[in-house]
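What the coordinates show
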Amino acid sequence: MRFPRSRSDIEHLVPGGRDGRRMLWVSFTDKAGSGLWYGTSALYYTFVAGLAPHEIGLLLGVAGAVGVAGTPVAGRVADRVPLTRLLPAVHALRAAAAVGILFTGTLWLLLPIAALGSLGDRSASVLTKLYAARVAGPDRVRYQALQRTVVNIGFGIGGLAAAVALAVGTGTAYRTMLVGDALSFAGAALLVLRCAEPPSPVRVVATAATAGGEPPLSKAPATGPWRDRGYLAYTATEALLFLDDTVLNVGLPLWIATATAAPHSLVALLFVLNNVLVVLFQVRLSRLGDEPRRAAASLPLLGLAFLVAGGAMAVSAVDSAGIAVVALVVAATAFTAAEIVHAAISWELSLALAPGRSQGAYLGVHGLAQSAQRSAGPVLLTSAVMAAGPLGWLGLGGALAAVSVGQRTLVRRRLDRLDALERPGAAAPQAPAVPSGTVTVSGVDYGE
């Protein structure tokens, strides 16, 4: 990666102009604050709020379950409300929730406050991605790669500050991290307010229709992603391919601590390795997803990364600290490679497979994939994969590789249908008649 040396270099590097650069600062500010809180939240609830472990589990579980609704709701609202008004409101909700947690020490009061904060977190995630897609236009994949790099830098800085708080270990130190989290959301909201509203496919269609230049597809009845079985099937495969996140954050640390001869301190080093690799290679490898067909063709590479990672995790169970450390480094590197490749592919396909008129609603449904794996992933890893030992990791690697190949077939079929509709002389879709067994999205028959 060539680092920019001047302002003109930065302007050339970041798609979306001034607003694209400002949104990167929004992401950095947001995630730096989140890094402060994620690193200290469990201990805050224990030593400051005085909750028992089972109460903390209930709190986080309820908050996570409520947060799942954030992505589809925010995505649908974003097709009707300007992002530069909706996103600051969501950040304000997150800041209010953080302040509420600061002044609350009772579980039954913390439950609704944490749930609102989680709802805001998931909503902010999908709205930020949607803004990036709109402001960067055809360069959205490169922009997403830059954004992921900035996010990892922000998390890393916040995590370092959280480590200081953990070392101090006082209630004041934990409260300071929570205040910093709230301030980061307030700062993000103010930065978004300075951004211009990017072009929206929904408003472009509406404007063209008003001016008498209505595109052919705009006359067709718009349907939502919940009736599009092809997109729902794609989202279901995404929920599985996002498992690298749970493996890196939950499975890998638990496996090191309970099933290998590697020192427990390796966990922190592997987290650092993950962050460094993402910062170094996310932008470079973004070209794997810079076009829908190329993104689909890159899916076997994702499957290969999962196969290597699963095999390395299985090898790490041998009774040798040296071999275990080497195998775990290979596994962490392979899972990180899967994370980087999948980020580029997923970002492009989640938008390319959705109709422009309902982009927000579709992206919101796609966001459910990540939310679902965060809820079900830890249970799957601990009760099935890790319980089966090395064979469980081999099975996981093989299964995810198969899902990658299956998703390529699913995506290619959908892209073929889209290409057929765009060919000269192709008949425009007619409404309202819809043959049984097909799915229409904004009047376009995508099939199942």
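Residues numbered from 1 in each chain as written. Predicted model: local features only at pLDDT ≥ 70, side-chain atom pairs only at ≥ 80, totals over all residues. Heavy atoms only, no water.

**Focus on the overall build of the protein**
When helices and strands are tallied, the protein shows 18 helices and 2 strands. At a minimum sequence separation of 6, the contacts of the protein that also span at least 24 residues come to 83%. (Helix = DSSP H or I, 4+ residues; strand = E, 2+ residues; numbered from the N terminus. Contact = heavy atoms within 4.5 Å.)

**Some words on the nonpolar core**
Leu 252, Ile 256, Met 313, Leu 328, Phe 335, Trp 393 and Leu 396 are the most contacted members of the largest nonpolar core, which has 46 residues in total. Secondary-structure elements contributing two or more residues to this core are helix 11 (229–241), helix 12 (243–259), helix 13 (266–281), helix 14 (292–297), helix 15 (299–315), helix 16 (321–352), helix 17 (359–385) and helix 18 (390–422). For this core, the element with the highest residue contribution is helix 16, accounting for 10 residues. Filtering out sequence-adjacent residues up to four positions away, Leu 396 remains in contact with Leu 243, Val 247, Leu 381 and Val 385. (Core = buried A, V, L, I, M, F, W, Y, C linked by side-chain atoms within 4.5 Å. Buried < 20%, exposed > 50% of the residue type's maximum accessible area, 1.4 Å probe, protein only.)

**A closer look at empty space enclosed by the protein**
On inspection of all chains with the given rule, the structure shows 1 cavity of 30 Å³ or more. Counted as a void, the largest cavity has a volume near 50 Å³. Lining the largest cavity are Leu 248, Leu 252, Pro 253, Ile 256, Val 267, Leu 270, Phe 271 and Ala 332. Those elements that provide at least two residues to the lining of the largest cavity are helix 12 and helix 13. Per-element accounting of the lining of the largest cavity gives the leading share, 4 residues, to helix 12. Across the lining of the largest cavity, the residue classes break down as 8 nonpolar, no polar and no charged. (1 Å grid on protein atoms, 1.4 Å probe; cavity = no way out; pocket = protein on both sides within 12 Å on 5 of 7 lines; lining within 4 Å. Points joined across faces, edges and corners; volume = space filled by probe spheres on them. Nonpolar A, V, L, I, M, F, W, Y, C, P; charged D, E, K, R; others polar.)

**Side note on the packing of helix 2 (residues 17–38) against helix 8 (residues 140–168)**
Relative orientation of the contacting elements helix 2 and helix 8 amounts to 30°, with a least axis distance of 7 Å. In this structure, helix 2 meets helix 8 at a crossing whose hand is right-handed. Looking at the contact of helix 2 with helix 8 residue by residue, the class counts come to 15 nonpolar, 8 polar and 1 charged. (Axes fitted to C-alpha atoms, helices over the stretch in contact; angles between N-to-C directions. Left-handed = near helix turned anticlockwise from the far one by under 90°.)

**Brief notes about the confidence of the model for the protein**
When pLDDT is averaged along the protein, the result is 81; 85% of the residues meet or exceed 70. The least confident element of the protein is strand 2 (residues 444–445), whose mean pLDDT is 35; the most confident is helix 15, at 96. Here residues 428–448 is modelled with pLDDT under 50, and outside its nearest four sequence neighbours on either side it reaches 49 contacts, counting other chains as well. (pLDDT = per-residue confidence, 0-100.)

**Examining the pattern of salt bridges**
Applying the stated criterion across every chain, the model contains 4 salt bridges. As a salt-bridge pair, Arg 414 and Asp 228 come within 2.7 Å of each other at their nearest N and O atoms. Of this pair, Arg 414 sits in helix 18 while Asp 228 sits in the loop between helix 10 (201–210) and helix 11, placing them 186 residues apart in sequence. Each member of the pair, Arg 414 together with Asp 228, is buried. Asp 416 serves as the salt-bridge partner of Arg 293, at 2.7 Å between the closest nitrogen and oxygen. (Salt bridge = Lys/Arg side-chain N within 4 Å of Asp/Glu carboxyl O.)

**Topic: the packing of aromatic side chains**
Following the criterion strictly, the structure yields 8 aromatic pairs and no others. When the centroid spacing of 5.6 Å and the interplanar angle of 80° are considered together, the rings of Trp 37 and Tyr 45 count as edge-to-face. Ring centres of Trp 255 and Trp 393 lie 5.7 Å apart, and the angle between their planes is 75°; on these two criteria the pair is classed as edge-to-face. With Trp 255 in helix 12 and Trp 393 in helix 18, the pair connects residues that are 138 residues apart, well separated along the chain. The pair Trp 255 / Trp 393 is uniform in exposure class, with both members buried. (Phe/Tyr/Trp six-rings, centres within 6.5 Å; stacked < 30°, edge-to-face > 60°.)

**Digging into helix 2**
In this model helix 2 runs 32 Å from its N-terminal to its C-terminal C-alpha over 22 residues, within 8% of the 32 Å that 1.5 Å per residue would give. Across the 22 residues of helix 2, 16 count as buried, placing the element largely inside the fold. (Expected span 1.5 Å × (residues − 1).)

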